[in-house]
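Residues per chain are reported as follows:
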Amino acid sequence: MQTLTVSMLDCIERIPSLIKAIFENRETVQKEVLDYLGEEGLSRLSGMVCVGSGTSSTSAITASYFANKVAGIPVSATIPSDFCYHTYHYDPNALYVFISQTGTSKLTKQAMDVIKAKGYRCVCVSESRNTPMAKEAPCFLDMGCGYEEYPMRTIGYSTTVFTLQMLALEIGRRKGAVSDAEYQAYCEEALRLPEYLKPIPQMTLDWMQKKSQWQMIRSQCLVFTGSAAQYGVALESAVKTWETPKITSVGLELEEGMHGANYGYNSNHCVIVFNDGGVDNQKALSLARYMREVFHNGLAVGANVVCEDDLQFSLCGENFCCLQFAAVGQTISYKLALDEGRDLFAPHDNSVMHRYFKTHADGDGNAS
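Residues numbered from 1 in each chain as written. Predicted model: local features only at pLDDT ≥ 70, side-chain atom pairs only at ≥ 80, totals over all residues. Heavy atoms only, no water.

J.: Looking at this structure, I do not really get the overall build of the protein chain. What am I missing?
T.: The helix and strand inventory of the protein chain stands at 12 helices and 10 strands. Overall, the C-alpha framework of the protein chain stretches about 55 × 50 × 40 Å when taken along its three principal axes. Burial analysis of the protein chain (368 residues in total) assigns 56% to the buried set. Partitioning the intrachain contacts of the protein chain with sequence separation of at least 6 by distance along the chain shows that 75% fall at a separation of at least 24. Accessible area for the protein chain stands at about 15,100 Å²; split by element, carbon and sulfur atoms hold 50% of it. One way to put it: in the protein chain the 31 positive side-chain charges average out to a point 4 Å from where the 41 negative ones average out. (Helix = DSSP H or I, 4+ residues; strand = E, 2+ residues; numbered from the N terminus. Buried < 20%, exposed > 50% of the residue type's maximum accessible area, 1.4 Å probe, protein only. Contact = heavy atoms within 4.5 Å. Areas by Shrake-Rupley, 256 points an atom, 1.4 Å probe, with all protein chains shown as cover. Lys, Arg positive; Asp, Glu negative; His and termini not counted. Charge placed at Lys NZ, Arg CZ, Asp CG, Glu CD.)

See the structure below:
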């Protein structure tokens with residue numbers, strides 16, 4: 001076990017440059033998948049199914065909203081246990097996308113083997129062409145994250161989301177679901193993303209230092225919530241908050257969180273509302289206001305907020321701003337870990353846990 005010298009914040013701050021590289025190299029990177037499909041495969045393509053666990057799952061959920069908008073085919077996200085054991089029809093004309101940053105996820109590989117055995121089209125999204133799953137996949141798609149020092153993935157989540165979004169955009173362009181003008185508009189928005197991403201970590205740290213971190217620390221549970229792609233971000237933020245500062249946390253879709261959880265909220269629950277200012281703007285603000293005024297424990301983040309104690313920032317646009325919200329969730333988990341006294345530079349020793357179970361072929365139970 002090697003002691004880390006790069007901070008988790010360094011990883012988060014590396015994301016904008018990697019997003020920029022993915023965008024600039026998108027045609028080259030995506031070409032392997034498009035060539036693999038071929039003209040006939042593209043014309044018959046009836047869907048895209050993304051499969052992964054943990055952060056690979058939350059990234060697929062996050063990306064699926066934009067992907068469904070532009071790909072011209074249904075795009076879904078599922079976990080490998082459901083895919084392997086509880087799926088009873090596999091579409092022969094779909095593209096199956098298996099996501100594993102290290103390429104060592106046992107069950108995701110098993111899911112890929114199911115599709116390979118059927119002879120259907122499948123792609124592995126991984127950090128390198130040399131990971132175990134990538135070597136065995138008929139087609140490889142570079143996740144664009146490079147080597148990430150921490151098993152609590154921040155870079156891998158963000159680059160996977162953006163890589164899947166770019167794949168869907170290129171598919172939609174070639175299938176005629178996206179016009180040239182629409183494609184150009186999406187590209188202009190994507191090109192803005194890195195610059196809009198850069199200030200988010202420091203803005204989040206300043207916001208937390210001002211007041212909100214103590215509100216989070218004193219709470220028994222952090223509840224992240226949002227709609228559409230922000231739902232995927234909420235799920236991932238909850239994962240990061242549980243595994244990094246080890247604080248109980250959950251991620252809820254905005255509307256679904258108002259169908260049960262709303263009756264259980266009290267002052268011990270800090271509800272963090274990710275608000276992109278879209279169709280659910282008023283609903284998001286109403287929940288944040290309710291938690292603030294009744295339980296004194298609600299926070300709004302994003303385009304529109306309740307008061308000056310919230311975190312407000314400008315969005316790069318409606319389609320890729322989910323990665324701005326992701327940077328907030330990632331920075332929250334990092335800062336809370338420091339506040340809780342966790343030494344993030346210390347080696348990760350999972351030997352005790354691995355006596356009971358191993359989810360990855362290399363024994364890294366935190367990797368995705």
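Picking up after the structure, the text goes on.
J.: Looking at this structure, how should I read the side chain of Ser-105?
T.: Along the chain, the position of Ser-105 falls in the loop between β3 (94-99) and α5 (106-118). Here Ser-105 falls in the buried class, since its relative accessible area comes to 6%. Within the local environment of Ser-105, its side chain forms a polar contact with the side chain of Thr-108, the two groups lying 3.0 Å apart. Beyond its immediate sequence surroundings of up to four residues, Ser-105 is in contact with Ser-100, Met-133, Thr-359 and His-360. (Polar contact = N/O pair within 3.5 Å; in protein donor to acceptor, adjacent residues only side chain to side chain.)

J.: What's the story with the environment of Phe-66 in this structure? I'm lost.
T.: Position of Phe-66 relative to the elements: it lies in helix α3 (residues 55-70). Here Phe-66 falls in the buried class, since its relative accessible area comes to 5%. As for Phe-66 and Glu-255, which are separated by 189 residues in sequence, their C-alpha atoms are 19 Å apart. For Phe-66, the residues in contact, after removing those within four places along its chain, are Gln-165, Leu-169, Tyr-186, Asn-319 and Phe-320.

J.: Quick question: what am I supposed to make of the pairing of β3 here?
T.: Strand residues, when the strand is regular, have side chains that alternate between the two faces of the sheet. Judged by how many residues are buried, β3 sits mostly within the fold: six of six residues are covered. Here β3 shows two buried faces, one formed by Ala-94, Tyr-96 and Phe-98 and the other by Leu-95, Val-97 and Ile-99. Bridge count for strand β1 (residues 47-51) against β3 is five bridges, and the pairing is parallel. Considered in β3, the bridge of Cys-50 is made with Val-97. Examined bridge by bridge, β3 and strand β4 (residues 122-126) share four bridges and lie parallel to one another. Across the sheet, the residue bridging to Ile-99 is Val-125, located in β4. Taking the sense of rotation as the criterion, the β-α-β connection linking β3, α5 and β4 turns out right-handed. (Pairing = 2+ DSSP bridges. Right-handed = clockwise from strand over helix to strand, strands pointing away.)

J.: Would you take a moment to explain unusual backbone geometry for this structure?
T.: A negative phi holds for most residues other than glycine; trans holds for most peptide bonds. Phi at Lys-246 takes a positive value of approximately 60°, unusual for a residue other than glycine. Examined against the element boundaries, Lys-246 turns out to sit in the loop between α10 (229-243) and β7 (249-253). Non-glycine residue His-296 carries a positive phi angle of around 55°. By secondary structure assignment, the location of His-296 is in the loop between α11 (281-295) and β9 (298-302). Overall, His-296 belongs to the exposed group, its relative accessible area being 55%.

J.: Just to check I follow, could you spell out the packing of helix α2 (residues 26-44) against helix α7 (residues 155-175) for this structure?
T.: The description of two packed helices rests on the angle between their axes and on the distance between the axes. Where α2 meets α7, the closest approach of the two axes is 10 Å, and the angle between their N-to-C directions is 45°. What the angle tells us is that α2 and α7 run oblique. In this structure, α2 crosses over α7, and the sense of that crossing is right-handed. Contacts between α2 and α7 involve Arg-26, Glu-27, Gln-30, Val-33, Leu-34, Leu-42 and Ser-43 from the former and Thr-163, Met-166, Leu-167, Glu-170, Ile-171, Arg-173, Arg-174 and Lys-175 from the latter. Here the contact of α2 with α7 is composed, by residue class, of six nonpolar, three polar and six charged. (Axes fitted to C-alpha atoms, helices over the stretch in contact; angles between N-to-C directions. Parallel < 35°, antiparallel > 145°, perpendicular 65-115°, else oblique. Left-handed = near helix turned anticlockwise from the far one by under 90°. Nonpolar A, V, L, I, M, F, W, Y, C, P; charged D, E, K, R; others polar.)

J.: For this particular structure, what's the right way to read the nonpolar core?
T.: Where a protein is soluble and globular, its nonpolar side chains tend to be buried together. Judged by nonpolar contacts, the single largest core of 87 residues is most densely connected at Phe-162, Met-216 and Ile-272. Excluding anything up to four places from it in sequence, Met-216 contacts Trp-207, Met-208, Leu-222, Cys-270, Ile-272, Leu-299, Ile-332 and Leu-336. By size, the runner-up hydrophobic cluster in this structure holds 17 residues, among which are Phe-83, Tyr-90, Ile-115 and Ala-137. (Core = buried A, V, L, I, M, F, W, Y, C linked by side-chain atoms within 4.5 Å.)

J.: Which parts of the structure should I look at to understand the environment of Asn-297?
T.: Structurally, Asn-297 is set in the loop between α11 and β9. Separated by 32 residues in the primary sequence, Asn-297 and Tyr-265 have C-alpha atoms spaced 9.7 Å apart. When near neighbours in sequence (up to four residues on either side) are disregarded, Asn-297 contacts Gln-215, Arg-218, Ser-219, Ser-267, Asn-268, His-269, Cys-270, Val-271, Met-291 and Arg-292.

J.: Looking at this structure, how should I read the sheet that holds β1?
T.: Adjacent strands of a sheet form backbone hydrogen bonds with each other and so pair up, either parallel or antiparallel. If you trace the five strands from one edge of the open sheet to the other, you get β2-β1-β3-β4-β5, paired in parallel fashion. On the outer flanks of this sheet lie β2 (75-78) and β5 (140-142), each paired with one strand and no other. Neighbour to neighbour, the strand axes of the sheet diverge by 25° on average, direction disregarded. Together, β1, β2 and β3 form the strand contacts of α3, whose direction differs from that of β2 by roughly 165°. On top of the sheet, α5 reaches β1, β3 and β4; it is set at about 155° to β3, its chief contact.

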